[in-house]
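The primary structure of each chain is shown beneath.
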Amino acid sequence: MNKRNCPVCETNKAEVIMTFTPELLCAVNPTYKVEELRKAIIGKDDLVTYSECDVCGMVYCETLWDNDTLRIVYDKTIDHEKSLEKVLLLNKRIAITRTWNNLLRLFTLLGKKKLNDIKLLDYGCGWGDFLDVANGYGVNVYGYDEDKRKIDFAKKRGHKIVDSIEELKSLSPVDVFVMNSVLEHVQDVDYILKLVKTLLKPNGLLIFSVNDYRSKYIKKNVKKVSSNFPALSKNFNPLEHVNIYDYKSVMTTLEKYNFEFISTRLSLDFTNIPGIRNSIFFLKCTNKLEKAFSNILTGKEIGITVYAKNNATN
Ligand SMILES: [Zn+2]
């Protein structure tokens, strides 16, 4: 089994901090089937671990899983009907709509007056629920996903889904690159972010969401798991979520690939007050506030949605 380097600083000095058993994983993840999971990782259970990078503190899964194991995990252990049902959840729809709404507001903050042929790509579009919300006159939406079941579903509902990376490259350049709940799953983060740089226009917008586990929350989980209790969240799952981002590692990653951080969804929500909602200055202040709090806020994991601009020069 090969190991990978830290997805943030690329060094290989990391130490195992959490080891999971199939039972510990399934106890907090009801969409997992324990028997199938055990079969998938048989003989490799001691590799279901998270490590912490000695250099930058990033928590990630060092093991590079082979495609066969991953296919079994994604195809057989996950209950796909439950996954599709989640698309119907009102809270999920509200979150997606809010991301779209914030993107529109961001356009206005950046001086745009109307939607003129925006080309938007949703990488990891899943069942197509974000495409549903963003599609419309003046906005051309495209999706990409690796799950055939989801692609077929989105295509049947009329969405333009790109089938290969080659076809994806022919779409270039795009104005907006959306990547919701993708980066935590990706073994080769460098490949994906370089792909984003290739496809996105200079000054184009990158919007992505990941789970944000602020450092003290990670420590709480380490304590739980090392005493053989299930983690506090089903999202601590080294088979699916191979990268455990927090606010700091997200910001470092943006900098590394030369994206200009604009805001998080949380800060954008704060500016949604009549009178000040169109002020980029106020947005910057709330960003600073959030950064300060990111070192203190520890209660639970937070979904962080990041809005960033593709800097033109490398
Ligand atoms: Zn590192």
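The structure we're discussing is the one just above.
What you see is a predicted model; the values in this text were computed from it and never measured.

## Some details on the pattern of salt bridges
Part 1 of the argument: Tallied over the full model, the rule gives 15 salt bridges.
Part 2 of the argument: Among the ionic pairs, Arg-157 bridges to Asp-132, the shortest N-O distance being 2.8 Å. Of this pair, Arg-157 sits in the loop between helix H7 (148-156) and strand E6 (160-162) while Asp-132 is found in helix H6 (residues 129-134), placing the two residues 25 residues apart along the sequence.
Part 3 of the argument: A salt bridge links Asp-212 to Arg-214, with the nearest nitrogen and oxygen atoms 2.5 Å apart. Across the pair, Arg-214 and Asp-212 agree in class, each one buried.
Part 4 of the argument: Three or more residues joined by partner-sharing salt bridges are found here, namely Glu-23, Glu-35 and Arg-38.

## Structural notes on the environment of Leu-90
Part 1 of the argument: By secondary structure assignment, the location of Leu-90 is in helix H5 (residues 90-109).
Part 2 of the argument: For the pair Leu-90 and Tyr-257, spaced 167 residues apart in sequence, the C-alpha separation works out to 34 Å.

## Brief notes about the nonpolar core
Part 1 of the argument: In this structure, Tyr-123, Leu-168, Phe-177, Met-179, Val-196 and Phe-208 are the most contacted members of the largest nonpolar core, which totals 40 residues.
Part 2 of the argument: Among the elements that make up this core, the one with the highest residue count is helix H9 (residues 189-199) (six residues).
Part 3 of the argument: Not counting residues up to four positions away in its chain, the partners in contact with Leu-168 are Leu-121, Tyr-123, Tyr-144, Val-162, Leu-195 and Leu-199.
Part 4 of the argument: Of all hydrophobic cores here, the second largest spans 27 residues; its members include Ala-40, Tyr-213, Val-222 and Leu-239.

## Considerations on the coordination of the zinc ion
A metal bound by six donors in octahedral fashion has ideal angles of 90 or 180 degrees, whereas one bound by four tetrahedral donors has an ideal angle of 109.5 degrees.
Part 1 of the argument: Every protein donor of the zinc ion is listed here as Cys-6 (SG), Cys-9 (SG), Cys-53 (SG) and Cys-56 (SG), and their distances to the metal cover 2.2 to 2.3 Å.
Part 2 of the argument: Coordination at the zinc ion comes from four donor atoms whose angles at the metal span 101 to 116°, giving a geometry best classed as tetrahedral.
Part 3 of the argument: All donors of the zinc ion belong to a single chain; written as a sequence motif, their spacing is C-x2-C-x43-C-x2-C.

## Re the packing of aromatic side chains
Part 1 of the argument: A complete count under the given rule lists nine aromatic pairs for this structure.
Part 2 of the argument: Between Tyr-50 and Phe-236, the aromatic rings sit 6.1 Å apart at their centres with planes inclined by 85°, giving edge-to-face as the arrangement. With a gap of 186 residues between them, Tyr-50 in strand E2 (residues 49-53) and Phe-236 in the loop between helix H10 (215-226) and strand E9 (243-244) connect regions that are remote in the sequence. Per residue, the accessibility class of Tyr-50 equals that of Phe-236, and both read buried.
Part 3 of the argument: Relative to Phe-236, the ring of Tyr-213 has its centre 4.7 Å away and its plane inclined at 65°; by these criteria the two rings are edge-to-face. Here Tyr-213 is found in the loop between strand E8 (200-212) and H10, whereas its partner Phe-236 is found in the loop between H10 and E9, with 23 residues between them in sequence. Each member of the pair Tyr-213 and Phe-236 is classed as buried.
Part 4 of the argument: Site record: aromatic cluster; members linked through ring pairs are Phe-20, Tyr-50, Tyr-213, Tyr-217 and Phe-236.
Part 5 of the argument: Over the face of the ring belonging to Phe-259 we find Lys-197, whose NZ or CZ atom lies 4.5 Å from the ring centre.
Part 6 of the argument: It is Lys-224 that lies over the ring of Phe-229; its NZ or CZ is 5.4 Å from the centre.

Reading guide: rules and limits
- Residues numbered from 1 in each chain as written.
- Predicted model: local features only at pLDDT ≥ 70, side-chain atom pairs only at ≥ 80, totals over all residues.
- Heavy atoms only, no water.
- Salt bridge = Lys/Arg side-chain N within 4 Å of Asp/Glu carboxyl O.
- Helix = DSSP H or I, 4+ residues; strand = E, 2+ residues; numbered from the N terminus.
- Buried < 20%, exposed > 50% of the residue type's maximum accessible area, 1.4 Å probe, protein only.
- Core = buried A, V, L, I, M, F, W, Y, C linked by side-chain atoms within 4.5 Å.
- Contact = heavy atoms within 4.5 Å.
- Donors = N, O, S within 2.8 Å, 3.2 Å for Na, K, Ca; no water.
- Tetrahedral: all angles 85-135°; square planar, octahedral: opposite > 155°, others 65-115°.
- Phe/Tyr/Trp six-rings, centres within 6.5 Å; stacked < 30°, edge-to-face > 60°.
- Lys NZ or Arg CZ within 6 Å of the ring centre and 35° of its normal.

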